[in-house]
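Summary of the model geometry
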Amino acid sequence: MPCTVGAADLLRFAASATQTHGVPPADARLLADTLVTAELWGHPSHGMLRLPWYLDRLASGATAPVAAPRTVSDNGAVLVVDGRDGLGQVLTERAVTLGVERARRHGISAVGVRNSGHFGTAAYFTRKAAGQGCVALLATNASAAMAPWGGREKRIGTNPWSIAAPGGRYGTVVMDIANTAVARGKIHHARERGEPIPVGWAADADGVPTTDPRRAIEGLILPMAGHKGYVISFMFDVLAGVLTGSAFGSAVVGPYRPTGRSGVGHLLICVDIAAMADPAEFAARMEALIEEAKSTPTAPGTPEVFVPGEPEIRTAERLRTEGITLANETWASLERIAHATAVPLPALVPAPVPVPRPEELPA
């Protein structure tokens, strides 16, 4: 049976296990928080199933436990930082700090990061910039997952990106997508749960569409929107990989491999709202945009219209009370980590009892 645990206890476990690999406490907590936040947002594909991958890379020396980034160039509004194989989360957090500070000084900033690693969910970081008065765009490249349009060998990554902006009294609006039909982690999550994947997500190593997640992991993830997903991903590799001086294309190594320099590159662009508009007026305009979207008459079977980022916040509110339910294989991997590190496992909590919908109640 899947295991349900509390978010705070899960955070404690992930942070403590990461510290045993030589990661400083604050950095270990950051890594853990990105994973637990992904679980709370309802995205287990970017949650705890990734912890053993990060720890394996730390253990092999592929990832440096203590990040020591070096500034390559600094032109005021534009910086390039060499991450020197540090944890992607730690380096991206540093990029947000620099990006917001330089945007406040110059109105807009661009921070390129080379030789980083996988940083988890991009929205985790763009939300932080938006919370400090910026509109932020974060792009990253990733290890090869899709074939160029018309090809049958994977040469380009999912290369996800996120945009976030303050939404006035509605909080933050944020999008975070990969350029494939689905994030690769969702296929790994389906494999862990022993479930088939939908048609249209992936193809096997011969380019034949498949619903078997194991064959999909060995094969190709299909681009979103056909050729459009491919060209978007290609151009984000230009921004995150080629422009920053990091690895690109098939040279990028993903977190799934325990060895090998990652070479992931990121590009963060921050626009200081106050440099372009009165912040109060911007907030009012954002609220008007959100209200227009949410007041749209719903299609049959749709109870409510959401704006970007809203479903995740709703899910987090619920799961902080109910607890986070982990797949069997994810829990088994945490048991192995607990045995290896002597860090106590999170305590199990009662699984949430499904609440029947009105139409399911007896007459």
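Residues numbered from 1 in each chain as written. Predicted model: local features only at pLDDT ≥ 70, side-chain atom pairs only at ≥ 80, totals over all residues. Heavy atoms only, no water.

**Remarks on the sheet that holds strand β13 (residues 264-272)**
On the basis of which strands lie adjacent, the open sheet formed by seven strands has the order β2-β3-β4-β13-β5-β8-β9 and mixed pairing. Of all strands in the sheet, those with a lone pairing partner are β2 (70-74) and β9 (172-177), marking the two edges. Adjacent strand axes in the sheet meet at a mean angle of 15° when their direction is disregarded. Helix-sheet contacts for helix α4 (residues 88-106) involve β2, β3 (78-82), β4 (108-116), β5 (134-140) and β13, and the interaxial angle to β4 is about 160°. (Pairing = 2+ DSSP bridges. Helix = DSSP H or I, 4+ residues; strand = E, 2+ residues; numbered from the N terminus. Axes fitted to C-alpha atoms, helices over the stretch in contact; angles between N-to-C directions. Contact = heavy atoms within 4.5 Å.)

**Quick word on unusual backbone geometry**
If you check the backbone angles, Asn115 has positive phi at about 55° while not being a glycine. Locating Asn115 in the fold gives a position in strand β4. Overall, Asn115 belongs to the buried group, its relative accessible area being 15%. In this structure, Ala225 is a non-glycine residue whose phi angle is positive, near 55°. Among the secondary structure elements, Ala225 is positioned in the loop between β12 (220-221) and α8 (227-242). Among the residues examined, Ala225 registers a relative accessible area of 55% and is labelled exposed. (Buried < 20%, exposed > 50% of the residue type's maximum accessible area, 1.4 Å probe, protein only.)

**Concerning the packing of aromatic side chains**
The tally for this structure, following the rule as stated, stands at five aromatic pairs. When the ring of Trp53 is compared with that of Tyr256, the centres are 4.8 Å apart and the planes differ by 65°; the resulting orientation is edge-to-face. A residue pair is termed long-range when its members are at least 10 positions apart, and Trp53 in helix α3 (residues 51-60) and Tyr256 in the loop between α8 and β13 qualify at 203 residues. Its relative accessible area of 14% is what places Trp53 among the buried residues. Look at Tyr256 and you get partly exposed, because its relative accessible area is 25%. With a centroid separation of 6.2 Å and 70° between ring planes, the pair formed by Tyr230 and Phe234 is classed as edge-to-face. Of the two residues, Tyr230 and Phe234 both sit in helix α8, four residues apart, roughly one turn of that helix. (Phe/Tyr/Trp six-rings, centres within 6.5 Å; stacked < 30°, edge-to-face > 60°.)

**Details of the pairing of strand β8 (residues 161-166)**
Here β8 lies mainly inside the structure; five of its six residues are buried. Strand direction decides the pairing type here: β5 and β8, joined by four bridges, are antiparallel. Along β8, the bridge assignment pairs Ala139 with Trp161. Alignment of β8 against β9, held across six bridges, turns out to be antiparallel. Considered in β9, the bridge of Pro166 is made with Thr172. Counted between consecutive antiparallel strands, the loop separating β8 from β9 contains five residues, among which Gly168 sits at a positive phi close to 65°.

**Some points on helix α10 (residues 279-294)**
Under the 1.5 Å per step criterion, the end-to-end length of α10 is 22 Å for 16 residues, consistent within 8% with the ideal 22 Å. The set of residues buried in α10 consists of Phe282, Met286, Glu287 and Ile290. Seen from one end, α10 has its buried residues packed into an arc of 135°, which puts them on one side. Facing away from the buried side of α10 by more than 90 degrees, the exposed set consists of Ala280, Arg285 and Glu292. (Expected span 1.5 Å × (residues − 1). Arc of directions from axis to C-beta.)

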